[in-house]
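# Analysis of the macromolecular model
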Amino acid sequence: MSFRALSYILVGLKRYKTFPLDVLIDALKGPVLLLIIPSLWYGIGAVGSFSLRELFLYTAASHLLVLLPIYVSFPVANMIRTGFLPSLLTKPVNLSSYLFLRNLGSTFVSLVSSLLVFAVIYKVYGGVNIALFFLGLSLAVVFYLLLGQIIGYLATWFYTIWGFQSILVYLPSLLFGGSLVPLDLLPSWLVDVASFLPWKSLHYDVAMIVLGRSPNFLPLLLWIAFLAVLERIVFHVASKRWESWGG
Amino acid sequence: MEEVIVVENLKKVYRKTKRTFLIFPGETEVLEALKGVSFTVKRGEVVGYLGPNGSGKSTTIKILSGVLHPDEGEVSVLGFTPWERRREFLESIGVMFGHRTFLFWEIPVIDTFLFYKEAYGMDKETFWERVGRLSEILSIEEYLEKPARELSLGERIRCELALTLLHDPDVVLLDEPFLGMDVWTREKIRAFLKEVGREGKTVLLSSHQLEDVEEIVERVVLLDRGKIVFDGGLDDLKQVVGWKRVLVTFSSPPGPLPYVVRSVGSTAELRVPREEVSSVVRELLEKDVVDLTVEEPDLEEVLKHVVPGA
């Protein structure tokens, strides 16, 4: 890793210097969530064909698939929206790398603690295909990084982009991606709809890899290729519209 | 001398579409921010880029720094087309927008500097030498360890200036660097910018703080509603105004005086037509004068004269 890339991560990481209590909060929130959710499902009997082992493995994998792609990659949209982008455009900084690596640094403690808990659950409950899982996870990161940038650029057309974030990221990842409840536990018509959308490939399909299901990355790769082209087009048009009104 | 900034027939139009319902577009309002601006800046020149609000100053600076694309016209900075944002170009310019921060809000200022050390590929020795020098000139040593969000506006702007100059750029573009400054800070920044000019940097400075600009620049490009209305030396600009200011103090109230604009007790301010200054001064000296000064109008008065009712 180059010093430049490291400096991007450090900028994010150094926020812990200013907000030291965040170290504790970030270290605890992931593990607490990972203990509560499967226990809750199990407690209310909403487990379908899932065993407790599978619930823990699925939840741990699913948590990483939300944390890294959505909470690390996606905030680029906010950084673009808040107007910091024009400042960065005058500096020799690779925008995509900077945005991703900086967020990686600023969520570092959450990430490490969640990875540790995932490692423990994976070991205890005998997860499989770890390398393929991380490959799927990396593809999900790329997908949300591109989507985050595209939504961020929309801020040059729209005053607020919160709606886009909810419609394109948070809600569909919960509903069609199975990041809260595995798709197997949802009505079959919803699962049918989900198979035509990208979120199933991003969350559910990747999380199921650790339970032994064979991966199919083709839909995800096609979505990424589509977003990569779209991101360049939207950036090209949006870059002509920065500060569309002003002195 | 080599021309490092070349602007030819630069045009920029802003379009703002009002929404009728949800996202459906309605009427489009059009604002011509720049209507064919042309000027050049030679290496080592320190130029004031002035004009009233909405005249197109910031738009020009944003285009020169590569943030905005123009609609028409040619722009070259150090031989580069700014909006292509080549790495060599970005490493050669220093940009500051007073109303925007380049410092990372939540981390100490020195950590932002360290981040840009890597971005600009500076070696450790050069970096610390530059930090030391800029900290001393701008008196920011005590702020380096504080996050930007804990700094006052004046402290932050000084740190922003240091960041702008950190990598020793050839061309410096400054948009409102005196924003929200007290007199002491402004004095520091003026001294600093004069030093930058002496180092042979090319500086384009846009500001509404005209008394500060007056002290720093020798040439002024004056903009009004997207067009250049004056481009020349500061002294030439002042000649455009047909009067000089005469400040005179008498030992006792002097009675009626010609061209008086203000009078308090035995002190009066006169605005005397240039061709009559000698005769009026002679006339005044025949009275009981304690002190007499003849001054050029200040830049603010000149601008009000050149761009009336802006």
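Residues numbered from 1 in each chain as written. Chains lettered and ligands numbered in written order. Predicted model: local features only at pLDDT ≥ 70, side-chain atom pairs only at ≥ 80, totals over all residues. Heavy atoms only, no water.

What follows covers the domain arrangement of chain B. Residue and element names in this part refer to chain B. Segmentation of chain B into domains returns domain 1 (3-238) and domain 2 (241-306). For domain 1 and domain 2, the distance between their C-alpha centroids amounts to 38 Å. Counting residues at the interface gives 9 residues for domain 1 and 10 residues for domain 2. Together domain 1 and domain 2 conceal approximately 820 Å² of surface at their shared face, both sides included; 76% is due to carbon and sulfur atoms. Counting every contact that joins domain 1 to domain 2 gives 0 salt bridges. (Domains from an automatic or database assignment. Contact = heavy atoms within 4.5 Å. Buried area = accessible area lost by both parts, 1.4 Å probe. Salt bridge = Lys/Arg side-chain N within 4 Å of Asp/Glu carboxyl O.)

All names here are of chain B. Strand order in the open sheet formed by 4 strands is β11-β12-β10-β13, and the pairing between neighbours is antiparallel. Single-partner strands in this sheet number two, and they are β11 (260-264) and β13 (289-295). When the angles between neighbouring strand axes are averaged without regard to direction, this sheet yields 15 degrees. Pairing between β11 and strand β12 (residues 267-273): 4 bridges, direction antiparallel. In the strand pairing of β12, V260 is matched with L270. Lying on the sheet, helix α9 (residues 277-285) is in contact with β10 (243-250), β12 and β13; it crosses β13 at an angle near 170 degrees. (Pairing = 2+ DSSP bridges. Helix = DSSP H or I, 4+ residues; strand = E, 2+ residues; numbered from the N terminus. Axes fitted to C-alpha atoms, helices over the stretch in contact; angles between N-to-C directions.)

With that settled, the discussion passes to the pairing of strand β3 (residues 46-50) of chain B. Residue and element names in this part refer to chain B. With respect to burial, β3 is a largely interior element, 5 of its 5 residues being buried. Alternating residues of β3 divide into V46, G48 and L50 and V47 and Y49, and every residue in both groups is buried. Both β3 and strand β7 (residues 202-206) contribute to a ladder of 3 bridges, which runs parallel. By the bridge assignment, V47 is partnered in β7 with L204. With 4 bridges joining them, β3 and strand β8 (residues 219-224) adopt parallel strand pairing. The residue of β8 that forms the bridge with L50 is L222. (Buried < 20%, exposed > 50% of the residue type's maximum accessible area, 1.4 Å probe, protein only.)

Contacts between the two partners involve 34 residues from chain A and, on the opposite side, 41 residues from chain B. Taken together, the two surfaces of chain A and chain B that pack against each other cover about 3,600 Å², and 59% of this comes from carbon and sulfur. In this assembly, chain A and chain B are joined by 3 salt bridges. Note that D111 of chain B is salt-bridged to K17 of chain A, the shortest N-O span being 3.0 Å. Along the contact surface separating chain A from chain B lie 5 residue pairs in polar contact (both at pLDDT 80 or more). Elements with a minimum of two residues in the side of chain A that touches chain B: α1 (3-13), α2 (15-18), α6 (84-89) and α7 (95-106) of chain A. (Polar contact = N/O pair within 3.5 Å; in protein donor to acceptor, adjacent residues only side chain to side chain.)

Here we take up the nonpolar core. Nonpolar side chains tend to gather and get buried jointly when the protein is soluble and globular. The biggest cluster of nonpolar side chains holds 155 residues, and the ones touching the most others in it are F133 of chain A together with I5, F113 and Y116 of chain B. If one sorts the elements of this core by residue count, helix α9 (residues 130-153) of chain A sits on top with 13 residues. Taken together, domain 1 (3-238) and domain 2 (241-306) of chain B each give at least three residues to this core, which thus spans both. With sequence-adjacent residues up to four places away left out, F133 of chain A is seen in contact with A61, L64, L65, F118, V206, A207, I209 and V210 of chain A. Counting residues in hydrophobic clusters, the runner-up holds 11 residues, among them V246, V248, F250 and L257 of chain B. (Core = buried A, V, L, I, M, F, W, Y, C linked by side-chain atoms within 4.5 Å.)

Moving on to helix α1 (residues 57-64) of chain B. All names here are of chain B. Burial analysis of α1 places 8 of its 8 residues in the buried class, which makes it a mostly covered element. Where α1 is concerned, the buried positions are K57, S58, T59, T60, I61, K62, I63 and L64. After α1 finishes, the residue G66 shows a positive phi value of roughly 90 degrees.

Our next topic: the sheet that holds β8 of chain B. Backbone hydrogen bonds hold the strands of a sheet together, and the pairing may be parallel or antiparallel. All names here are of chain B. Taken in spatial order, the 6 strands make up an open sheet running β5-β6-β7-β3-β8-β9, and their pairing is mixed. The sheet is open, and its two borders are formed by β5 (93-97) and β9 (227-233), each paired with just one other strand. On average, each strand axis in the sheet is tilted by 15 degrees relative to the strand beside it, whichever way the strands run.

In this section: the pattern of salt bridges. For the structure on display, the rule yields 35 salt bridges over all chains. The salt bridge partner of K14 of chain A is D111 of chain B, with a shortest N-O separation of 2.9 Å. Separated into two different chains, K14 of chain A in the loop between α1 and α2 and D111 of chain B in helix α3 (residues 109-119) make up a pair that spans both. Of the two residues, K14 of chain A and D111 of chain B, both sit in the buried class. For E84 of chain B, the salt bridge goes to R86 of chain B, with nearest N and O atoms at 3.6 Å. The partly exposed category is assigned to E84 of chain B, whose relative accessible area is 47%. Judged by relative accessible area, R86 of chain B falls into the partly exposed class, the value being 46%. Sharing partners across several salt bridges, the network here consists of R245, R262, E269, R271, E295, D298 and E301 of chain B.

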